[in-house]
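Report on the structure
The residues making up each chain are set out below.
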Amino acid sequence: MTFYDFAIAPFAEFEFMRRALVGCLALALGAGPVGVFLMLRRMSLFGDAMAHAILPGAAIGYLAAGLSLTAMTIGGLVAGFTVVLLAGLVTRATALKEDASLAAFYLISLALGVTIVSLKGSNIDLLHVLFGSVLALDDAAMILLAAMASITLVVLAIIYRPLVLECVDPSFLKSVSRAGGPAHLAFLALVVMTLVGGFNALGTLLSVGIMMLPAAAARFWAIELTGMICVATLIGLLSSVSGLILSYHLGLPSGPAIILSAGVAYFASLAFGPHGGLVLRLLPQRHLEA
Amino acid sequence: MNAPLTHARGAAIRFTDLTLGYDRHPAVHHLSAKVEAGGLVAIIGPNGAGKSTLLKAVAGALAPLSGHVSVEGARRRAIAYLPQLAAIDRTFPICVFDLVATGLWRRTGLFGGFSRTDRDAVSQALAHVGLTGFERRTIDALSGGQLQRALFARLMLQDADVILLDEPLTAIDTKTAADLLDVLRGWHAEQRTILAVLHDMNLVRDLFPHTMLLARELVAYGRTDDVLTQANLARARHMIEAFDEAAHICEHDKAAAQ
């Protein structure tokens, strides 16, 4: 098998593969930086919680309009924002900490979603919502993914300074600017948006993978934020390509194949990464003079 | 006679019957005092005397329970505040240069460009605190003293009329402390108003013309030599006791309300 047969032909011959590729690349572009910030804010599991929380919205959208991308996207966004805002309100108004109140809301939301789907739909539908269908992206879905990636990158550029400073030194940010709160909210909105965009391709559960796995892997390759974001995005892009190629040749389901590729990248980084990787740690290293 | 300073830039701080606290329990009780523009004031007192709380209130991070604190004649929001345990996430992958550069926030804001002049200003500030060569180090690779140097460099860039320092020299070695005190003298010479919470009495005597001795109430305030007497210090130690959970409504307020 030549390189062309292996890596190029699947995309050259089949339109659905090209669509899947474009969709996944767009998704990875936005998800990379968002994942890095989630990780650095110690909110790695927040994405997971939100992925569950958007399920009832998507399910209601699905019930109302069938497999309509618009309806499911709007439903997912509404459910996601609702849970974020409710959890935030409860945290501010009561003694409950943010993680506990978020957990409560997302679990309720998840149970609601599964109930709605199984009342009306079949198990196949549930599988679709949970694990997506990257090989069936239509024009509307691709435009949606591309638009969301663009919005994510533009908004991140706008809130970059307060977002970084809120992670490093929140009390200092508070003393010089009131942008911290709005930046945090905008960032949460980006997380929800990325997940909703992602579930069309990868499903609600796996779309977290394309955010968090590249981010976690990038920690082992770069010591500075800029580098970390670049590496994470690159790993996301490469995992998308290799996942699709593998799923084509081995007949694997494509969404999981993409996330598993990112998983391989994560394990490789964990082992061989120059900053804190296991191999370098275990090798006896002579210390420097100064 | 000294000619009046035409570039006096410090702001006066006035405390008017100021009560600060948490959950209605006062940490600073009915404080009235005025810090002159360009003043260099040490705030001393036992633990729990309300020193940090007072700085927080001046910085605007804590709303008074009653009374008020006003900063007179300062440019808008021109207060720089270095908290006791700077709540800095040391694991965040940001380098020293970028951290210090955030001191220019008021100039650059959210979107403002970062010019060559700004770059030079950051480099100068770093050189001033002896951190040249550390620009690209990430902050997790700094020692406690080096981080404090970086935070002083950031304070320099903030170019504030009022500078609030909460135990800036705790757990700092003598060499670093001497360097940072030089920076502090520079600020004083530039007529900035400085309030610093300190525990080192020798340092207070050497460097600070005025001292405020707090023990929840104001014990003494004035020229350092007049304040740092055995009698005053002993009085301050006796005045501190734990929060009384069953404390009554303050009589002082009751009287005022009637």
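A short tour of the structure in this document, coming up. Remember, it's a predicted structure, so these values are computed and weren't measured experimentally.

**Overview of helix α1 (residues 3-13) of chain A**
For α1(A), every residue scored as buried is listed here: A7(A), A9(A), P10(A) and F11(A). Of the surrounding secondary structure, the elements contacted by the buried residues of α1(A) are α2 (15-40) and α11 (225-250) of chain A.

**A few points about the interface of chain A and chain B**
Across the contact, 25 residues belong to chain A and 26 residues belong to chain B. Between chain A and chain B, a total of about 2200 Å² is buried, with carbon and sulfur atoms accounting for 57% of that surface. Contact with chain B buries surface across chain A, with R161(A), V168(A) and F172(A) losing the most and accounting together for 29% of the total. In this assembly, chain A and chain B are joined by 3 salt bridges.

**Considering the pairing of strand β5 (residues 79-82) of chain B**
All names here are of chain B. Here β5 shows no split at all, with I79 and Y81 on one side and A80 and L82 on the other all buried. Note that β5 and strand β6 (residues 162-166) share 4 bridges and pair parallel. Counted as the bridge partner of L82 is L165 from β6.

**Here we look at a nonpolar patch on the surface**
Among the surface-exposed residues, M1(A), F6(A), L246(A), L250(A) and L252(A) lie close enough to one another that they form a single nonpolar patch of about 510 Å² accessible area. Along the chain, M1(A) turns up in the segment before α1.

**Quick look at the environment of A33(B)**
Residue and element names in this part refer to chain B. Mapped onto the elements of the fold, A33 is located in strand β2 (residues 25-35). Judged by its relative accessible area of 12%, A33 falls in the buried class. Separated by 20 residues in sequence, A33 and I13 place their C-alpha atoms 8.4 Å apart. Beyond its immediate chain neighbours, meaning those up to four positions away, A33 contacts I13, R14, F15, M212, L218 and Y221.

**Let's talk about the environment of D139(A)**
With respect to the helices, strands and loops of the structure, D139(A) is situated in helix α8 (residues 139-168). On the basis of relative accessible area, D139(A) is assigned to the partly exposed category, the value being 46%.

**Focus: the sheet that holds strand β4 (residues 66-72) of chain B**
Residue and element names in this part refer to chain B. The 3 strands lie next to each other as β2-β1-β4, forming an open sheet whose pairing is antiparallel. For this open sheet the edge positions go to β2 and β4, each flanked by a neighbour on one side alone. Here the strands of the sheet are splayed against their neighbours by 20 degrees on average, with no regard to which way each runs. Sheet topology places strand β1 (residues 12-22) next to β2; 7 bridges connect them, and they run antiparallel.

**Details of helix α6 (residues 174-189) of chain B**
Residues and elements named next belong to chain B. In a regular helix each residue adds 1.5 Å, so 16 residues correspond to 22 Å; α6 covers 22 Å between its end C-alpha atoms and thus fits that length. All of the buried residues in α6 are T176, A177, L180, L181, V183, L184 and W187. Buried residues of α6 fall within an arc of 155 degrees about the axis and therefore sit on the same side. Every exposed residue of α6 that faces more than 90 degrees away from the buried side is listed here: T174, K175 and A189. If you follow the buried residues of α6, they end up packed against β3 (40-44), α4 (116-128), α5 (144-158), β6, β7 (193-197) and α7 (201-207). Q191 sits one or two positions beyond α6 and adopts a positive phi of about 70 degrees.

**Re the sheet that holds β3(B)**
Residue and element names in this part refer to chain B. The mixed open sheet is built from 6 strands, whose spatial order is β5-β6-β7-β3-β8-β9. In this open sheet, the two edge strands, each paired with only one partner strand, are β5 and β9 (217-223). Strand-to-strand twist of the sheet, defined as the mean angle between neighbouring strand axes without regard to direction, takes the value 15 degrees. Packed onto the sheet, α5 meets β5 and β6 and runs at close to 175 degrees relative to β5. Docked against the sheet, helix α9 (residues 230-239) engages β3, β8 (210-215) and β9, running at close to 160 degrees with respect to β9.

**Section: the pairing of β3(B)**
All names here are of chain B. Counting buried residues along β3, 5 of its 5 residues qualify, which places the element largely inside the surrounding structure. Pairing geometry for β3 and β7, over 4 bridges, is parallel. When the bridges of β7 are listed, L40 appears paired with I194.

**Notes on the packing of α8(A) against helix α10 (residues 180-218) of chain A**
Residues and elements named next belong to chain A. It is the contact of α8 with α10, at a shortest axis distance of 9 Å, that shows an interaxial angle of 155 degrees. As the angle between them shows, α8 and α10 are arranged roughly antiparallel. Between α8 and α10 the crossing geometry is left-handed. Seen from α8, the contacting residues are L144, L145, M148, I151, T152, V155, L156, I159, P162, L163 and E166; seen from α10, they are G180, A183, H184, A186, F187, L190, M193, T194, G197, G198, N200 and A201. Classifying every residue of the contact of α8 with α10 gives 15 nonpolar, 7 polar and 1 charged.

**A word on the pattern of salt bridges**
Taken as a whole and judged by the stated rule, the model has 15 salt bridges over all chains. Of the charged contacts in the structure, one is a salt bridge between R41(A) and E166(A), with a shortest N-O distance of 2.7 Å. Here the residue R41(A) occupies a position in the loop between α2 and α3 (44-53), and E166(A) occupies one in helix α8, the gap between them amounting to 125 residues. Accessibility expressed as a relative area gives 15% for R41(A), which makes it buried. In this structure, the salt-bridge partner of D89(B) is R42(A), at a minimum N-O distance of 3.5 Å. Of this pair, D89(B) sits in the loop between β5 and α2 (96-101) while R42(A) sits in the loop between α2 and α3, placing the two residues on different chains. The exposed category is assigned to R42(A), whose relative accessible area is 60%. Here the salt bridges share partners, and the residues they tie into one network are E15(A), R19(A) and D139(A).

Quick notes on the rules
Residues numbered from 1 in each chain as written. Chains lettered and ligands numbered in written order. Predicted model: local features only at pLDDT ≥ 70, side-chain atom pairs only at ≥ 80, totals over all residues. Heavy atoms only, no water. Buried < 20%, exposed > 50% of the residue type's maximum accessible area, 1.4 Å probe, protein only. Helix = DSSP H or I, 4+ residues; strand = E, 2+ residues; numbered from the N terminus. Contact = heavy atoms within 4.5 Å. Buried area = accessible area lost by both parts, 1.4 Å probe. Salt bridge = Lys/Arg side-chain N within 4 Å of Asp/Glu carboxyl O. Pairing = 2+ DSSP bridges. Patch = residues over 30% accessible without salt bridge, like charges linked within 9 Å, V, L, I, M, F, W, Y side chains within 5 Å. Areas by Shrake-Rupley, 256 points an atom, 1.4 Å probe, with all protein chains shown as cover. Axes fitted to C-alpha atoms, helices over the stretch in contact; angles between N-to-C directions. Expected span 1.5 Å × (residues − 1). Arc of directions from axis to C-beta. Parallel < 35°, antiparallel > 145°, perpendicular 65-115°, else oblique. Left-handed = near helix turned anticlockwise from the far one by under 90°. Nonpolar A, V, L, I, M, F, W, Y, C, P; charged D, E, K, R; others polar.

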